[in-house]
Amino acid sequence: MSARQPRDRDSDRNANRLVTRAVLGLVLSAVVGFAVVGTGSVIIAHRIARSTALAEAVRSARTVGDVMFAPTIPALIKGDPQALRILNSAIRERQEGGALVRVKVWSNVSSVVYSDDPAAIGTGFPVSAEVRAALEHGKATAGVSSLDDAENVTETGLFDHLVEVYVPLKLDDGTVVAFEVYSTDARLRAAESQLTSELVPFALLSLLVLIIVQLPVAAWLLGRVSRAQRERTRWLSNSLAASGRERRRIAQELHEGSVQNLAGAGYALGVAVRDLPAQVEPATRQLLEMSLGAVLASARDLRNIIVEIHPTDLTAAGLETAIRALAQRIADGGTVAVEVAVTISVTGS
């Protein structure tokens, strides 16, 4: 019983280490999952909020352009001062709300035909991709501008970033102009913040619920794995112990039976060869000597097999015997001369 207790304790320790590693793996995977889901949720929330806010900015710009500017621009192009006053008044009212910053109308020659900043009216700039898309393809575009283009000379110093929208306006005479609106990104940032505050907790809570639901299953599986590991270790330990007992039994039977019989036969044959009369025929003597050699060789081989089946104890008490037995097996081969000198020092703890 005392011999099995250390093995059982080792088995329990191994199973506990397996469970500990599995639990640490679950915790680490949960932490990584929270980090990935949280980061992904923030990125997705920002993209959705930005896309929604920019789409709303395009719709608002289309409405303002169709209602206020499309009917008035033809008169403005003809130089009607009343049209200019009407547009300036309408833009100032909207700017007082705080979101609208700048308005420009581009003609098909890429010059500014209207702006709430008089200094920009009549100014020509390099054709931007957004203006070309509105004038040539009737395509509306929106984005957050860092105000580093040449046309942003009139907006520099107002803000670091502005939401920039281009929409095409088709006038009554068929002329197409590009309507450009600059507004602050406050609505965009508010949308990002709101969607993030709603989406991220939902995503993390969903992941937490999933982990909590899986915990009982994981605990059950870990328990089964731990028990299976302990049973496997005990089974292996018992199998090794049974194998060792069987090997000792076989070695003992060989040593006490066949080896002793062969040793007795070898002794008897040796005496018989030694006491043969001188007048015995050489063939008879040779036959007895060959029989003696075969018996001694068989006894030696059986002793070697016994050592292989059940090796000598390699503790301090049996180490010298094991070394000498090994040396004797080498010497019996007849090709190497072997001398053995053993000095054993046992250090107690």
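Our subject is the structure that appears above.
Since the structure is predicted, the reported quantities are computational estimates derived from the model, not experimental observations.

Criteria and cut-off values
- Residues numbered from 1 in each chain as written.
- Predicted model: local features only at pLDDT ≥ 70, side-chain atom pairs only at ≥ 80, totals over all residues.
- Heavy atoms only, no water.
- Helix = DSSP H or I, 4+ residues; strand = E, 2+ residues; numbered from the N terminus.
- Buried < 20%, exposed > 50% of the residue type's maximum accessible area, 1.4 Å probe, protein only.
- Contact = heavy atoms within 4.5 Å.
- Areas by Shrake-Rupley, 256 points an atom, 1.4 Å probe, with all protein chains shown as cover.
- Core = buried A, V, L, I, M, F, W, Y, C linked by side-chain atoms within 4.5 Å.
- Patch = residues over 30% accessible without salt bridge, like charges linked within 9 Å, V, L, I, M, F, W, Y side chains within 5 Å.
- Salt bridge = Lys/Arg side-chain N within 4 Å of Asp/Glu carboxyl O.
- Expected span 1.5 Å × (residues − 1).
- Axes fitted to C-alpha atoms, helices over the stretch in contact; angles between N-to-C directions.
- Parallel < 35°, antiparallel > 145°, perpendicular 65-115°, else oblique.
- Left-handed = near helix turned anticlockwise from the far one by under 90°.
- Nonpolar A, V, L, I, M, F, W, Y, C, P; charged D, E, K, R; others polar.

Caption draft 1: View of the overall build of the chain. In terms of helices and strands, the chain carries seven helices and five strands. Written out in order from the N terminus, the α and β elements of the chain read α-α-α-β-β-α-β-β-β-α-α-α. For the chain, the proportion of its 349 residues judged to be buried stands at 29%. For the chain, contacts bridging at least 24 residues in sequence account for 61% of all contacts bridging at least 6. Total accessible area on the chain stands at roughly 21,800 Å², and carbon and sulfur atoms take up 59% of it.

Caption draft 2: How the structure looks around the nonpolar core. Counting residues in hydrophobic clusters, the biggest one holds 26 residues, and the most contacted among them are Phe69, Ile73, Val103, Val105, Tyr114, Val165 and Phe179. Listed by contribution, the elements that provide at least two residues to this core are α1 (4–69), α2 (73–77), α3 (81–95), β1 (100–106), β4 (162–170) and β5 (176–183). Top contributing element to this core by residue count: α1, with seven residues. Apart from residues lying up to four places away in sequence, phenylalanine 179 is in contact with Ala61, Val64, Gly65, Phe69, Val103, Lys104, Val105, Val165, Tyr166, Val167 and Leu169. Membership of the second largest hydrophobic core comes to 12 residues, among which are Ala134, Leu135, Leu162 and Tyr182.

Caption draft 3: Summary view of a nonpolar patch on the surface. A surface patch of nonpolar side chains, amounting to about 530 Å² of accessible area, comprises Leu205, Leu208, Val209, Ile212, Val213 and Leu215. One can find valine 213 in helix α5 (residues 186–274).

Caption draft 4: Broad picture of the environment of isoleucine 330. Its place among the elements puts isoleucine 330 in helix α7 (residues 316–332). Relative accessible area serves as the criterion here: at 44%, isoleucine 330 is assigned to the partly exposed category. Excluding residues that lie within four positions of it along the chain, isoleucine 330 makes contacts with Val336 and Val338.

Caption draft 5: The arrangement of helix α4 (residues 129–137) in detail. Those residues of α4 that sit buried are Val131, Ala133, Ala134 and Leu135. Check the buried side of α4 and you find it contacts β1, β4 and β5. Within two residues after α4, glycine 138 carries a phi angle of roughly 65°, on the positive side.

Caption draft 6: Layout of the pattern of salt bridges. Taken as a whole, this structure holds nine salt bridges when the rule is applied. Across the salt bridge formed by glutamate 192 and arginine 50, the nearest N and O atoms sit 3.7 Å from each other. With glutamate 192 in helix α5 and arginine 50 in helix α1, this pair connects stretches of sequence that are 142 residues apart. The partly exposed category is assigned to arginine 50, whose relative accessible area is 36%. With a shortest N-O distance of 3.3 Å, aspartate 185 and arginine 189 are connected by a salt bridge. Exposure remark for aspartate 185: the relative accessible area of 16% places this residue in the buried category. The structure contains a network of salt bridges with shared partners spanning Glu246, Arg249 and Glu253.

Caption draft 7: Geometry of helix α6 (residues 282–309). Here α6 spans 40 Å end to end across 28 residues, near enough to the 40 Å set by a 1.5 Å rise per residue. Among all positions in α6, only Leu292, Val295, Ala299, Leu302, Asn304, Ile306 and Ile309 are buried.

Caption draft 8: Local environment of the packing of α5 against α6. Two elements in contact, α5 and α6, have axes whose closest approach is 9 Å; the angle formed by their N-to-C orientations is 160°. Between α5 and α6, the interaxial angle falls into the category roughly antiparallel. The hand of the α5/α6 crossing is left-handed. Partitioning the contact of α5 with α6 into residue classes produces 17 nonpolar, six polar and five charged.

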